Structures are given as C-alpha cells and as structure tokens.
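This is what each chain is made of:
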Amino acid sequence: MKKVFCIGELLIDFVAENQGKNLSVAKEFTKKAGGAPANVACAISKLEGKSVFVGCVGDDPFGNFLLNILEENNVDTSMAQKSNIFTTLAFVSIDDDGERDFVFSRGADKELKYDSTLKKDFKNNMVHFGAATAMLGGNLEEAYNRYFFDALTKDSFISFDPNYREDLWKHKEDVFIKKCMPFIQKSHPGKFSLEEATLLSGKKDLDEACNFLHQTGVAIIVVTLGKEGTLLSTRDFRKTIPSIEVSPVDTTGAGDAFIGCMLKQIAEHDSLELLLESEQELSQIVSKANKAGAITTTNFGAIESLPTQKQLDS
Ligand code: ATP
C-alpha cells in the first residue's frame, strides 16, 4: 500500500461549548486537535492506511498534545517539526445549522522548514496538499511550494484541497486563486467544496466551473455537496454520487474524512492510471468516501468522529 504524505497545519481547535452560539457570545471552549491535513492523515490511518504528517507545532504542551493524538491514531509523525513559536490555535463555534464560525491565532504551523530528504519518499507514493494556512506565507508556504515541485514527478501522485477560509482571504480572493492554480493544474483528484469550485473557476454554474477546472489541467474533480453527496467529474463523465442519510450534529472534518477515505482507497491500487480511468471504480471510491464524510458529521469534533474501517464496513 502506498503512503500518503499530508503536508500542512496541525493546530488546536478550541470548540465552543453550548452549541448553537457564534464566537462572539460563546464563553466556554473545549480543546481539540485540528487542521485539515492532520485530519486527513488521521482519516487515512483510522481506515488502516499509511499516512505521514509533515507539519510544525510549538515546543509546548499544546504541541505535545497534538503529536500524541496523531501517534495514538497511528499517523507517522517522524517528519513533524517543533518550533519555539507557540502552537497555532483556532477558535471554532457551531451555530444552530451545524455550520462553523472560525477565528485563527497563527503560530508554529507557519514555521515548517523544507526538508530535501523527503523527495525520494514521494516517489511511488502520494502527496496530499490540503493546508488552509499554507498560502498565507511564512516558511510553510515556501516548504509547501518546494514539496509541490518535488512531487511533480511521473511516479508521484498529487492530491489538492484548497481549504478556502473566507475569514482569511476576504478581499484577497484573487491572490488565493492565483496561488492555488499550479496545484489545481497538477492534482490527480482536485477536491473542492461548491464554494471553492465556483470561486476558483469564476463560474457560478457548477457545470461551467468543472469545465473550466478541467481546462486548467485537473483530470479528476470531486465537488463535495454536503448531504447531496459528491459531484464526480472527469473529462469522460460527470455524475452526482449520493451520500447516505444521517442526522448531522457537526460538519467539522467531513470534507477531510471524505478525501482521506478516497486517498486510502486509491493507495491500495497498483495501477493508478487504470484506476483513474475507470468510471465504475472511481464511483465506488467516491461512494465509500461519501459514507466516511457522512459518519463524521454524526459526532462533535473532527479526529474523534472520523470512522474506523470497521465502522465504515458496517
Ligand atoms: P469542509 O467544510 O470540512 O472542508 P466540505 O465542505 O468539503 O468540508 P462536506 O460537503 O460538508 O465537506 O462533506 C463532505 C462529504 O461528506 C459530502 O460530499 C458528503 O458525501 C458527506 N456529507 C457531509 N454532510 C453530510 C450530510 N449531512 N449527510 C450525508 N452526507 C454528508
């Protein structure tokens, strides 16, 4: 089975208690592990895949807490780094509709330093670029771009999730789009939310957005549509694959569970080229990933809500 290297942030999510309130009124918070690439790494390892987390935390109790959680979930943390800058913190609240309200206090995640020894490990493995914070600058952005160039070999596999956060990019959307484009062009699956697909393509209509994204180079597009499931689009076919019916309480991590489950299944295949050309196999992969996303919405928090292989199979 191939390894999946997940590059980007690992941070503390302080989740507001007494759900239903936004951050301006929330008073009590619970400490949870978060960060989209770290969630994806856990999603893969909880499904018995092999994931490696590449990111930076503070050399402080929060950083130790975070790395312990990844290790407890069997994620390889040997490439994780520690900095003397404090661990990145995010404050999260869930409103009545299960949607999130976010505030970031950025710290150690931006300190990730490029390590040239990783390049050889990318060969015949998979690399997932899914950081919400990488395009914001710091050493992380430089490392992210250099790892991207390292992964651009014919033997590697690149997955990209832009993880757009409106509060981080308000009035700078054009900068975000420009920074994402090289990744989109080279990703094998590009994973987008509806908001991201329309933002990055500049097209309001989802069909037109997919056409545009295919024209930029991406062969496989998945657009996650919450309870409606996922739009799967290649140059040969396009269809919406339904999800399962659940009673969601918190959508945090659903998208990470989805892409993690997709990548874990892709990692099990010998011939990526054949797999990625097969409508039937791709559809089955997305259908299972929908299930992983749906299950994750049925509990509060991200990592602890990600399904195990046993849960997914039942
Ligand atoms: P994020 O906001 O975490 O980055 P996202 O917007 O990409 O994620 P969603 O669309 O919320 O992710 O969810 C990912 C997948 O999980 C969906 O494509 C769907 O298959 C499944 N899913 C999410 N919410 C529900 C739900 N309420 N009912 C059933 N399935 C769901």
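Residues numbered from 1 in each chain as written. Predicted model: local features only at pLDDT ≥ 70, side-chain atom pairs only at ≥ 80, totals over all residues. Heavy atoms only, no water.

In the nomenclature of an unreviewed UniProt entry, the protein chain corresponds to Carbohydrate kinase from the organism Maribacter litopenaei. The heading Sequence similarities (unreviewed entry) in the UniProt record of the protein chain holds the text "Belongs to the carbohydrate kinase PfkB family." (UniProt positions renumbered as here; feature names shortened; annotations may be inferred.)

S.K.: Provide a residue-level description of the packing of aromatic side chains, including the pertinent values.
M.R.: Working definition: an aromatic ring pair is given by the centre-to-centre distance plus the angle between the planes. Under the counting rule described, the total for this entry stands at 16 aromatic pairs. Their ring planes at 65 degrees and their centres at 5.3 Å tell us that F5 and F122 sit as a pair that is edge-to-face. With F5 in strand β1 (residues 3-7) and F122 in helix α3 (residues 119-122), this pair connects stretches of sequence that are 117 residues apart. The class of F122 is buried, set by a relative accessible area of 0%. The interplanar angle of 75 degrees and the centroid separation of 5.8 Å between the aromatic rings of F14 and F62 together place this pair among those described as edge-to-face. (Phe/Tyr/Trp six-rings, centres within 6.5 Å; stacked < 30°, edge-to-face > 60°. Helix = DSSP H or I, 4+ residues; strand = E, 2+ residues; numbered from the N terminus. Buried < 20%, exposed > 50% of the residue type's maximum accessible area, 1.4 Å probe, protein only.)

S.K.: Pulling in residues and values, what's your account of the state of the cysteines?
M.R.: Tallied over the full model, the rule gives zero disulfides. Cysteine C6 shares no disulfide, and the gap to the nearest cysteine sulfur, in C42, comes to 8.9 Å. Sulfur of C56: no disulfide; nearest cysteine sulfur belongs to C6 and is 17 Å away. (Disulfide = S-S within 2.5 Å.)

S.K.: Break down the pairing of strand β14 (residues 238-241) for me, with residues and values.
M.R.: In this sheet, β14 lies alongside strand β13 (residues 230-233) in antiparallel orientation, the contact comprising four bridges. When the bridges of β14 are listed, L232 appears paired with K239. In textbook terms, the turn of a hairpin is the stretch between consecutive antiparallel strands, and for β13 and β14 this stretch comprises four residues. (Pairing = 2+ DSSP bridges.)

S.K.: So what's going on with the packing of helix α4 (residues 138-151) against helix α6 (residues 173-186)? Residues and values would help.
M.R.: Direction vectors running N to C along α4 and α6 enclose 25 degrees, while the axes themselves pass 11 Å from each other. As the angle between them shows, α4 and α6 are arranged roughly parallel. The way α4 lies across α6 gives a crossing that is left-handed. The segment α4 lies against α6, with E141, Y144, N145 and F148 engaging K179, P182, F183 and K186. Here the contact of α4 with α6 is built from residues that sort into four nonpolar, one polar and three charged. (Axes fitted to C-alpha atoms, helices over the stretch in contact; angles between N-to-C directions. Parallel < 35°, antiparallel > 145°, perpendicular 65-115°, else oblique. Left-handed = near helix turned anticlockwise from the far one by under 90°. Contact = heavy atoms within 4.5 Å. Nonpolar A, V, L, I, M, F, W, Y, C, P; charged D, E, K, R; others polar.)

S.K.: An account of helix α1 (residues 36-46) is needed here, citing residue identities and associated values.
M.R.: By the criterion of burial, α1 is predominantly enclosed, with 11 of the 11 residues buried. Directly beyond the C-terminal end of α1, a positive phi value near 70 degrees is found at E48.

S.K.: How would you summarise the nonpolar core if you had to cite specific residues and measurements?
M.R.: Generally speaking, soluble globular proteins have nonpolar side chains that are buried together. Ranked by size, the top nonpolar core spans 49 residues in total, and within it L10, L232, M262, L263 and I266 carry the most contacts. For this core, the element with the most residues is helix α9 (residues 254-267), which contributes eight residues. Leave out the neighbours within four places in its chain, and L232 touches I220, I221, V222, F237, R238, K239, I241, L282, S283 and V286. The next biggest cluster of nonpolar side chains, apart from the first, holds 41 residues, and it includes A108, L140, I184 and L231. (Core = buried A, V, L, I, M, F, W, Y, C linked by side-chain atoms within 4.5 Å.)

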